[in-house]
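Working through the structure, step by step
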Amino acid sequence: MKIKFLIKNLNIILSVIMILLCLAFLFIIDANNGSNKYLITIIEKSLVYAVVALSMNLVIGFTGLFSLGQAGFMAIGAYITAIFTIPIKFRESIYYVEGINADLATMTLPIPIAIILGGLVAAIIAAIIGIPILTLKSDYLAIATLGLSEIIRAVIASPMMNTITNGSYGLKRIPSFSGVLECFIYCGICILLMALVINSSYGRDFKAIREDEVAARAVGIDIFKAKEISFVISSFFAGVAGGLLAMFMRSIESRTFSVNLTYEILLIVVLGGIGSITGSIIGSFVVNIGKEALRVFDKPFTIFGFMVDWPIFREGFRMVIFSILLMVVVLFFKKGIMGGKEFTFDNIIKFFKKKGEKHE
Amino acid sequence: MQYFLEQCLIGISIGGAYALIAIGYTLVYGILRLINFAHGDIFMVAGYIMIFTTANFPIYISIPITIIATCILGVVIEKVAYKPLRTAPRMSIMISAIGVSYFLQNFATYLFTALPSNYPPIYFLKKQIHIGYLKTNMADILTPIITILLVLILIWILKHTKIGLSMRAVSRDYEAASLMGIKINNTISYTFAIGSILAAVGSILYFTNRASVFPYSGSMPGLKCFVAAVFGGIGSIPGALIGGFFIGLCETLIKAVGYSTFSDAFTFVILIIVLLLRPTGLFGEKIIDKV
């Protein structure tokens, strides 16, 4: 009886154990964060990018809407978080150009509320703009959302917003995470919520639309409503992730949220596997760790005692290798790391069982 | 008034360069139904090729070299990044295009650093000209003329040559064209070659008035030119021409009034309005989706 129960829930039990192990690991490196600064930076960045990547995967991978507006929604979240959380004593020195808006000068919000507020504003803007935009077909939708993200960026950087967003000068001294654990908890909650949405009845609607829009309509799914919900939820989490990114980077400017940020996240989604939750998370870690690991190629290096100092190894070479690797994935491993599958212990056990059967 | 007219001339000149790039988008979209996100970066690479060839050769040799090299680059990108995905879903090809764009930007950053490089002054194009009381330079006058001339040649190619005929056939119906014995792959290569040649010419005309190139200088003009192509109706060459001039003119006038931060955003506002009111653009054909 007991064993049966164990086997039945093996997946959940193992997942919980793994999460606890992750927490313990993070707790240890958090405790001596002096020596692990580099590691902590990479983990925090990967976690934040995982949230954005998953929010993008929600629209692209699960609903089949090719939306490229993520950077714009992140910008909204990042700026709102920054505006409401920068300590009051620093504000005057940051808004040195035109001074700060009188209403905002003394207003602060606790960090979680500011982050959620950022997400909500992003979601509201997405809801309004989604009504006309979401009727567009695939590539038109892509270019329209890309345009939307550029419009948001232009508005933030415009001189008229100087007293609110500090225009093109950017914001500094944003309070950071108290430790990697805090970042893990925020990102973990976001990822969990998105996973719940994807596995809910709405999530099944999204997948039906992705597979065949006409057939989905025929079985009675309200296409427009489902698309709108997917777009709004995705934008909400993009806004939240923008707030987290602002906390991670501690200083933001409008140029951070250019089209290239969207492209970078899209490449994470593709690498991890379009339509896979765990794929996006793994993709984010692979990309961020890979970028750091390839750093050795930025300057002459030694391998097996030989000094390799060909002139090709200089600043920027890692990004060339990185983009070639990504092109290889896009061209030859179209499914990415995870394909449409999920990383669960059930699947791993199944995988090994199948292998065992083959050997027999 | 004088200021206004001078700004108009600049706008038309930028618009001409935009139109040339927009045609590249329109041609490729017409055939592959693909937004070639890398097109703007091809345009940027053409700028760098020009810098390096003028350092070693006189102008009249370096311009043809630039055009030929850009043309080869365009065709190679098609062969490497788009051809293997011919049967894949459209989203994969688009992601591949974004990947190519990412690669070209990183590669250019690696080779030439992220700092702007000086564009070689082409004295012939930089010459000051006075028309009445208007001051302008040769490039501003020549750009629209060259643009319209190239467009006329292109329309002639499309209407009266075998290549043009096959391009039109493929864009009308991909499968039927291949059944009728048209070599699809060759036709697509020609399309990319023509698009890249026009981008190279556009790049020379555009950067002459800018004086510097940097690795990201292609992405924004690239997107704007796509908007121009959508505005005119994607797949239509006169549409791309008019769209290019319209976007260039509007952008310059907005900058002239003093709202330069909004000039990029304005382009996208136009895009969204056009997509909502008339999704097929000014001259686009109506496409009916069949189940």
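Everything numeric in this text was worked out from a predicted model, so none of it was measured. (Residues numbered from 1 in each chain as written. Chains lettered and ligands numbered in written order. Predicted model: local features only at pLDDT ≥ 70, side-chain atom pairs only at ≥ 80, totals over all residues. Heavy atoms only, no water.)

Another aspect to go through is the overall build of chain B. The secondary structure content of chain B amounts to 12 helices and four strands. The globule rule puts the C-alpha radius of gyration for 291 residues at 19 Å, and the 19 Å found for chain B is close to it. Once the C-alpha set of chain B is aligned to its principal axes, its extents read approximately 60 × 45 × 35 Å. For chain B, long-range pairs separated by at least 24 residues make up 76% of all intrachain contacts whose partners lie at least 6 apart in sequence. Looking at chain B as shown, the accessible area adds up to about 12,800 Å², and 70% of this sits on carbon and sulfur atoms. Averaging the coordinates of the 19 positive side-chain charges in chain B and doing the same for the 10 negative ones gives two points 6 Å apart. (Helix = DSSP H or I, 4+ residues; strand = E, 2+ residues; numbered from the N terminus. Rg over C-alpha atoms; globule rule 2.2 N^0.38 Å. Contact = heavy atoms within 4.5 Å. Areas by Shrake-Rupley, 256 points an atom, 1.4 Å probe, with all protein chains shown as cover. Lys, Arg positive; Asp, Glu negative; His and termini not counted. Charge placed at Lys NZ, Arg CZ, Asp CG, Glu CD.)

The secondary structure content of chain A amounts to 17 helices and two strands. Computed over C-alpha atoms, the radius of gyration of chain A comes to 22 Å, within 12% of the 21 Å expected from 2.2 N^0.38 for 360 residues, which places it in the range of a compact globule. Its C-alpha atoms put chain A at 75 × 65 × 50 Å along the principal axes. Relative to all contacts within chain A whose residues are 6 or more apart in sequence, the contacts with residues 24 or more apart total 77%. Summed over all atoms, the accessible surface of chain A reaches about 17,300 Å², with 69% contributed by carbon and sulfur. Mean positive and mean negative side-chain charge positions of chain A (32 and 24 charges, respectively) differ by 6 Å.

Before going further, it helps to spend a moment on unusual backbone geometry. A positive phi is found at Arg250 of chain A, a non-glycine position, where the angle reads about 70 degrees. In this structure, Arg250 of chain A sits in the loop between α13 (223-249) and α14 (259-272).

This part covers a nonpolar patch on the surface. Residues Ile185, Ile189, Leu192, Leu193 and Leu196 of chain A make up a contiguous nonpolar surface patch of about 490 Å² in total accessible area. Following the sequence through the fold, Leu193 of chain A ends up in helix α10 (residues 180-198). (Patch = residues over 30% accessible without salt bridge, like charges linked within 9 Å, V, L, I, M, F, W, Y side chains within 5 Å. Salt bridge = Lys/Arg side-chain N within 4 Å of Asp/Glu carboxyl O.)

On the chain A side, the residues contacting the 45 residues of chain B number 51 residues. A per-residue breakdown of the area chain B buries against chain A is headed by Ile95, Tyr102 and Tyr110 of chain B, which together make up 20% of the total. If you look at where chain B meets chain A, you find one residue pair in polar contact (both at pLDDT 80 or more). Elements with a minimum of two residues in the side of chain B that touches chain A: α3 (59-82), α4 (90-112), α10 (219-232) and α12 (263-277) of chain B. Per element, the largest residue contribution to the side of chain B that touches chain A is 17 residues, and it comes from α4 of chain B. Taken together, the residues of the side of chain B that touches chain A break down into 35 nonpolar, seven polar and three charged. (Buried area = accessible area lost by both parts, 1.4 Å probe. Polar contact = N/O pair within 3.5 Å; in protein donor to acceptor, adjacent residues only side chain to side chain. Nonpolar A, V, L, I, M, F, W, Y, C, P; charged D, E, K, R; others polar.)

Between its first and last C-alpha atoms α4 of chain B spans 33 Å; for 23 residues at 1.5 Å apiece the expected length is 33 Å, and the two agree. Downstream of α4 of chain B by one or two residues, Thr113 of chain B has phi in the positive range, about 60 degrees. (Expected span 1.5 Å × (residues − 1).)

For α10 of chain B, built from 14 residues, the straight-helix expectation of 20 Å at 1.5 Å per residue is met to within 8% by its first-to-last C-alpha distance of 20 Å. The buried count for α10 of chain B comes to 13 of 14 residues, which makes it a mostly enclosed element. (Buried < 20%, exposed > 50% of the residue type's maximum accessible area, 1.4 Å probe, protein only.)

Here we come to the packing of aromatic side chains. Residues and elements named next belong to chain B. Within the structure shown, the criterion is met by 18 aromatic pairs over all chains. On the basis of an interplanar angle of 45 degrees and a centroid distance of 5.7 Å, the ring pair of Tyr82 and Phe192 is categorised as tilted. With Tyr82 in helix α3 and Phe192 in helix α9 (residues 184-208), this pair connects stretches of sequence that are 110 residues apart. For the residue pair Tyr82 and Phe192, the accessibility class agrees, reading buried in each case. (Phe/Tyr/Trp six-rings, centres within 6.5 Å; stacked < 30°, edge-to-face > 60°.)

Pairs can form between side chains of opposite charge whenever their charged atoms are close. If you walk through the whole model with that rule in mind, you get nine salt bridges over all chains. Residue Arg210 of chain A is joined to Glu211 of chain A by a salt bridge in which the shortest nitrogen-to-oxygen separation is 3.2 Å. On the basis of relative accessible area, Glu211 of chain A is assigned to the exposed category, the value being 59%. Each of the salt bridges in this network shares a partner with another, and the network as a whole consists of Lys224, Glu251, Lys255 and Asp264 of chain B.

Bringing the environment of Thr66 of chain B into the picture now. Residues and elements named next belong to chain B. Following the sequence through the fold, Thr66 ends up in helix α3. Residues Thr66 and Ala200, spaced 134 residues apart in sequence, show a C-alpha to C-alpha distance of 6.9 Å. Not counting the four nearest positions on each side in its chain, Thr66 is found in contact with Ala46, Ile49, Met50, Thr53 and Ala200.

Residues and elements named next belong to chain B. Where strand β2 (residues 128-131) lies against strand β3 (residues 134-137), four bridges are found, and the strand directions are antiparallel. Considered in β3, the bridge of Gln128 is made with Asn137. Hairpin connection of β2 to β3: two residues between the antiparallel strands, including Gly132 at a positive phi of 60 degrees. (Pairing = 2+ DSSP bridges.)

What follows deals with the packing of helix α7 (residues 162-172) of chain B against α9 of chain B. Residues and elements named next belong to chain B. Taken N-terminus to C-terminus, the directions of α7 and α9 make an angle of 105 degrees; their axes are 10 Å apart at the nearest point. Considering their axes alone, α7 and α9 lie roughly perpendicular with respect to each other. Mapping the contact onto sequence places Ile163, Ser166, Met167 and Val170 in α7 and Ile184, Thr187, Tyr190, Thr191 and Ile194 in α9. Class assignment for the residues of the contact of α7 with α9 results in six nonpolar, three polar and no charged. (Axes fitted to C-alpha atoms, helices over the stretch in contact; angles between N-to-C directions. Parallel < 35°, antiparallel > 145°, perpendicular 65-115°, else oblique.)

Time to look at the confidence of the model for chain B. Residue and element names in this part refer to chain B. Put simply, chain B has an average pLDDT of 86, and 98% of its residues get 70 or more. Mean pLDDT values for the elements of chain B range from 72 in helix α5 (residues 123-126) up to 92 in α3. Predicted complex, confidence summary: ipTM 0.82, pTM 0.87. (pLDDT = per-residue confidence, 0-100.)

Examined against the element boundaries, Arg91 of chain A turns out to sit in helix α5 (residues 88-94). Apart from residues no more than four positions distant in its own chain, Arg91 of chain A is found in contact with Ile83, Phe84, Thr85, Ile86, Ile100, Leu104, Ala105, Thr106, Met107 and Thr108 of chain A.

Moving on, we get to the environment of Ala154 of chain A. Locating Ala154 of chain A in the fold gives a position in helix α8 (residues 138-157). A relative accessible area of 8% places Ala154 of chain A in the buried class. Expressed as a C-alpha distance, the spacing of Ala154 of chain A and Ser254 of chain A, which sit 100 residues apart in the sequence, is 8.0 Å. Those residues in contact with Ala154 of chain A that lie beyond four places of it in its chain are Thr261, Phe262 and Ala265 of chain B.

Residues at a pLDDT of 70 or more form 92% of chain A, whose mean pLDDT is 84. No element of chain A has a lower mean pLDDT than strand β2 (residues 306-308) of chain A, at 62, and none a higher one than α13 of chain A, at 94.

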